[in-house]
Amino acid sequence: MSTTILLIRHGETAWNAERRLQGHIDIALNDEGLRQAEALGRALGGEALTAIISSDLQRAKQTAQALAGHHRLHIQTDALLRERCYGAFEGMLYADIALRYPLEYAAWQARDIDAVMPAGVRVAQSFRQFYARAVGGIERWASRYAGQSIAIVAHGGVLECAYRAAVGMSLDSPRDFQVKNSSVNRFTFEDGKLSLTNWGDIDHLDTAAFDELS
């Protein structure tokens, strides 16, 4: 049986806007992100969803709550759907990471999938470790709701992992696709495999949709 998955990135945060790395730090949506989430909820109000699942970080949960407000569904949370943990990089501006940790930053940008950032409050994950966690979490929920339609609200890195899994893209190849805040990305899961049906839908964020929320 084929499961339909609406995989959604959370709305914008202040740290997204200033290019500060979040990782596992629990940052809330900013005003723009809250508007994005509300527009998302309205746009998907007619979807026949069986379940809404979210990362347990508040920027994802706030986005999921806006969707749940249009459905009679309880949000289920899962730490497997968290963003990648970046260790000491978390909380830093991207520009400052490059200056303070030039070698580790270079390995990250070169897509060394087994490189691990210096530990901070939390121990960082390699991209290979993160990929296994994120894709495994998505597939677990898809299997639990086999043959049904579900929404999963997570993070940019999680969406990147799902995209790579679905299209057979190697983990060390450059990311040549965008992962936008509050985007809706549609997948199916059948016979143990993710497949991509539509990527990067942000039509609900156009000017007309926002004017209705003003």
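Scroll up to find the structure.
Values in this document were obtained by computation on a predicted structure and should not be read as measured data. (Residues numbered from 1 in each chain as written. Predicted model: local features only at pLDDT ≥ 70, side-chain atom pairs only at ≥ 80, totals over all residues. Heavy atoms only, no water.)

**Brief notes about the sheet that holds strand 2 (residues 51-54)**
At step 1: In space, the six strands of this open sheet follow the order 3-2-4-1-5-6, with mixed pairing throughout. Two strands in the sheet have a free side with no partner beyond their single neighbour: strand 3 (75-77) and strand 6 (193-201). Each neighbouring strand pair of the sheet contributes to a mean axis angle of 25°, computed without reference to strand direction.
At step 2: Judged from the six bridges that link them, strand 5 (residues 184-190) and strand 6 form a sheet pairing that is antiparallel. Residue F187 lies in a different strand from strand 6, and its bridge partner there is L196. (Pairing = 2+ DSSP bridges. Helix = DSSP H or I, 4+ residues; strand = E, 2+ residues; numbered from the N terminus. Axes fitted to C-alpha atoms, helices over the stretch in contact; angles between N-to-C directions.)

**Quick word on the pairing of strand 5**
At step 1: Across six bridges, strand 1 (residues 3-9) lies against strand 5 in antiparallel orientation. Paired with I8 across the bridge in strand 5 is V184.
At step 2: Turn length for the strand 5-strand 6 hairpin, with the two strands adjacent in sequence and antiparallel, is two residues, and the turn residue D191 shows positive phi of about 55°.

**Section: the side chain of R84**
At step 1: As for its position among the elements, R84 is in the loop between strand 3 and helix 4 (94-100).
At step 2: Dropping the residues within four chain positions of it, R84 is found in contact with G23, H24, E90, W108, A115, M117, Q125, S126, F127, F130 and R133. (Contact = heavy atoms within 4.5 Å.)

**A closer look at helix 7 (residues 156-167)**
The α-helix advances 3.6 residues per turn, and as a result positions three or four apart in sequence lie on the same side.
At step 1: In a regular helix each residue adds 1.5 Å, so 12 residues correspond to 16 Å; helix 7 covers 17 Å between its end C-alpha atoms and thus fits that length.
At step 2: Most of helix 7 is tucked away, with 10 of its 12 residues classed as buried.
At step 3: Among the residues of helix 7, G156, G157, V158, L159, E160, C161, A162, Y163, R164 and A166 are the ones counted as buried.
At step 4: In this structure, the buried side of helix 7 is in contact with strand 1, helix 6 (127-144), strand 4 (149-154), strand 5 and strand 6.
At step 5: Note on helix 7: the residue one or two positions beyond its end, G168, has a positive phi of about 75°. (Expected span 1.5 Å × (residues − 1). Buried < 20%, exposed > 50% of the residue type's maximum accessible area, 1.4 Å probe, protein only.)

**Section: the pattern of salt bridges**
At step 1: Overall, the coordinates contain 11 salt bridges when judged by the stated rule.
At step 2: With a shortest N-O distance of 3.4 Å, R42 and E38 are connected by a salt bridge. Here R42 pairs with E38, and both are found in helix 2 (residues 31-43), just four residues apart, close to one helical turn.
At step 3: Given the relative accessible area of 44%, R42 is considered partly exposed.
At step 4: The partner of D56 in a salt bridge is R82, with the nearest N and O atoms 2.7 Å apart. Residue D56 is found in the loop between strand 2 and helix 3 (58-68), and its partner R82 is found in the loop between strand 3 and helix 4; the two are separated by 26 residues along the sequence. (Salt bridge = Lys/Arg side-chain N within 4 Å of Asp/Glu carboxyl O.)

**Observations regarding the packing of aromatic side chains**
At step 1: This model, assessed by the stated rule, comprises 11 aromatic pairs.
At step 2: For the ring pair Y105 and W108, a centre distance of 5.7 Å and an interplane angle of 85° mean the geometry is edge-to-face. Highlighted residues: Y105 and W108, both in helix 5 (residues 102-109), separated by three residues, approximately one helical turn.
At step 3: With relative accessibility at 16%, the residue W108 sits in the buried group.
At step 4: Their ring planes at 90° and their centres at 5.7 Å tell us that F177 and W199 sit as a pair that is edge-to-face. Here F177, found in the loop between helix 7 and strand 5, pairs with W199, found in strand 6; they are 22 residues apart in sequence, far enough to count as distant.
At step 5: Counting every residue linked through ring pairs, the aromatic cluster contains Y86, F89, Y94, Y101, Y105 and W108.
At step 6: Here the basic side chain of R111 rests over the ring of F127, its NZ or CZ set 5.0 Å away from the ring centre.
At step 7: Seen from the ring of F177, R175 lies directly overhead, with NZ or CZ sitting 6.0 Å from the centre. (Phe/Tyr/Trp six-rings, centres within 6.5 Å; stacked < 30°, edge-to-face > 60°. Lys NZ or Arg CZ within 6 Å of the ring centre and 35° of its normal.)

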